[in-house]
Amino acid sequence: VQLQAFGGGLVQTGGSLRLSCAASGRMSSAYTMGWFRQAPGKEREFVAALRYGAGTTYYADSVKGRFTISRDKSKNTVFLQMNSLKPEDTAVYYCAGGTTIILSQIRSHSSYPYWGQGTLVTVSS
């Protein structure tokens, strides 16, 4: 599976953006899709994940209530709707995918073998 992320850009504090992650092949129900981000000088961190089959979602505490991960199975695409953006959300955002990812490892970037290129999100204050 090849992943392509897009939708980043420059937005003011309090604004919204929607990121998309399109998969080149059909994703089975066994897939878990995740969004991670990496700010300059910081480690890559978990943002959100979704069990592609069941639709179950997981979020980092820092984005809970503001970000929503979802999928459109007909388009093999996963989305990250980001609302109430803050300057600290500024980062390169990556989508990732994998199968057989157990719950205890769902927030670990090393659990995901497939990665899209990053898309930059900049939130101005």
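Residues numbered from 1 in each chain as written. Predicted model: local features only at pLDDT ≥ 70, side-chain atom pairs only at ≥ 80, totals over all residues. Heavy atoms only, no water.

## With respect to the overall build of the protein
Turning to step 1, where the next piece is worked out: Helices and strands together make up the secondary structure of the protein, namely zero helices and 11 strands.
Turning to step 2, where the next piece is worked out: The helix and strand sequence of the protein, counted from the amino end, reads β-β-β-β-β-β-β-β-β-β-β.
Turning to step 3, where the next piece is worked out: Over its C-alpha trace the protein gives a radius of gyration of 13 Å, about what one expects of a compact globule, namely 14 Å for 125 residues.
Turning to step 4, where the next piece is worked out: Residues classed as buried in the protein amount to 44% of the 125 residues present.
Turning to step 5, where the next piece is worked out: At a minimum sequence separation of 6, the contacts of the protein that also span at least 24 residues come to 56%.
Turning to step 6, where the next piece is worked out: When the accessible surface of the protein is totalled, it reaches about 6200 Å², and 48% of it is carbon and sulfur. (Helix = DSSP H or I, 4+ residues; strand = E, 2+ residues; numbered from the N terminus. Rg over C-alpha atoms; globule rule 2.2 N^0.38 Å. Buried < 20%, exposed > 50% of the residue type's maximum accessible area, 1.4 Å probe, protein only. Contact = heavy atoms within 4.5 Å. Areas by Shrake-Rupley, 256 points an atom, 1.4 Å probe, with all protein chains shown as cover.)

## Concerning the side chain of Thr119
Turning to step 1, where the next piece is worked out: With respect to the helices and strands, the residue Thr119 is situated in strand 11 (residues 119–124).
Turning to step 2, where the next piece is worked out: From its side chain, Thr119 meets the backbone nitrogen of Gly8 in a polar contact 3.0 Å long.
Turning to step 3, where the next piece is worked out: Among residues more than four places away in sequence, those in contact with Thr119 are Ala5, Phe6, Gly7, Gly8, Leu19, Ala91, Val92 and Tyr93. (Polar contact = N/O pair within 3.5 Å; in protein donor to acceptor, adjacent residues only side chain to side chain.)

## Digging into the sheet that holds strand 3 (residues 17–23)
Turning to step 1, where the next piece is worked out: Here we have four strands laid out as an open sheet, ordered 1-3-8-7, and antiparallel in their pairing. Here the strands that pair on one side only, and so sit at the sheet edges, are strand 1 (3–6) and strand 7 (67–72). Pairs of neighbouring strands in the sheet enclose a mean axial angle of 15 degrees, with direction left out of account. (Pairing = 2+ DSSP bridges. Axes fitted to C-alpha atoms, helices over the stretch in contact; angles between N-to-C directions.)

## Observations concerning unusual backbone geometry
Turning to step 1, where the next piece is worked out: Even without glycine at this site, Ser84 takes up a positive phi of about 50 degrees.
Turning to step 2, where the next piece is worked out: By the element assignment, Ser84 lies in the loop between strand 8 (77–82) and strand 9 (91–99).
Turning to step 3, where the next piece is worked out: At Thr100, a residue that is not glycine, the phi angle is positive and equals roughly 50 degrees.
Turning to step 4, where the next piece is worked out: Examined against the element boundaries, Thr100 turns out to sit in the loop between strand 9 and strand 10 (114–115).
Turning to step 5, where the next piece is worked out: Overall, Thr100 belongs to the exposed group, its relative accessible area being 73%.

## Details of the state of the cysteines
Should the sulfur atoms of two cysteines be covalently bonded, the bond is a disulfide.
Turning to step 1, where the next piece is worked out: Under the counting rule described, the total for this entry stands at one disulfide.
Turning to step 2, where the next piece is worked out: In this model Cys21 forms its disulfide with Cys95; the gap between the sulfur atoms is 2.2 Å. Disulfide Cys21-Cys95: torsion about the S-S bond near 65 degrees, hence right-handed. Placement of the pair is Cys21 in strand 3 and Cys95 in strand 9, with a sequence separation of 74 residues.
Turning to step 3, where the next piece is worked out: Under the relative-accessibility criterion, Cys21 is labelled buried at 1%. (Disulfide = S-S within 2.5 Å.)

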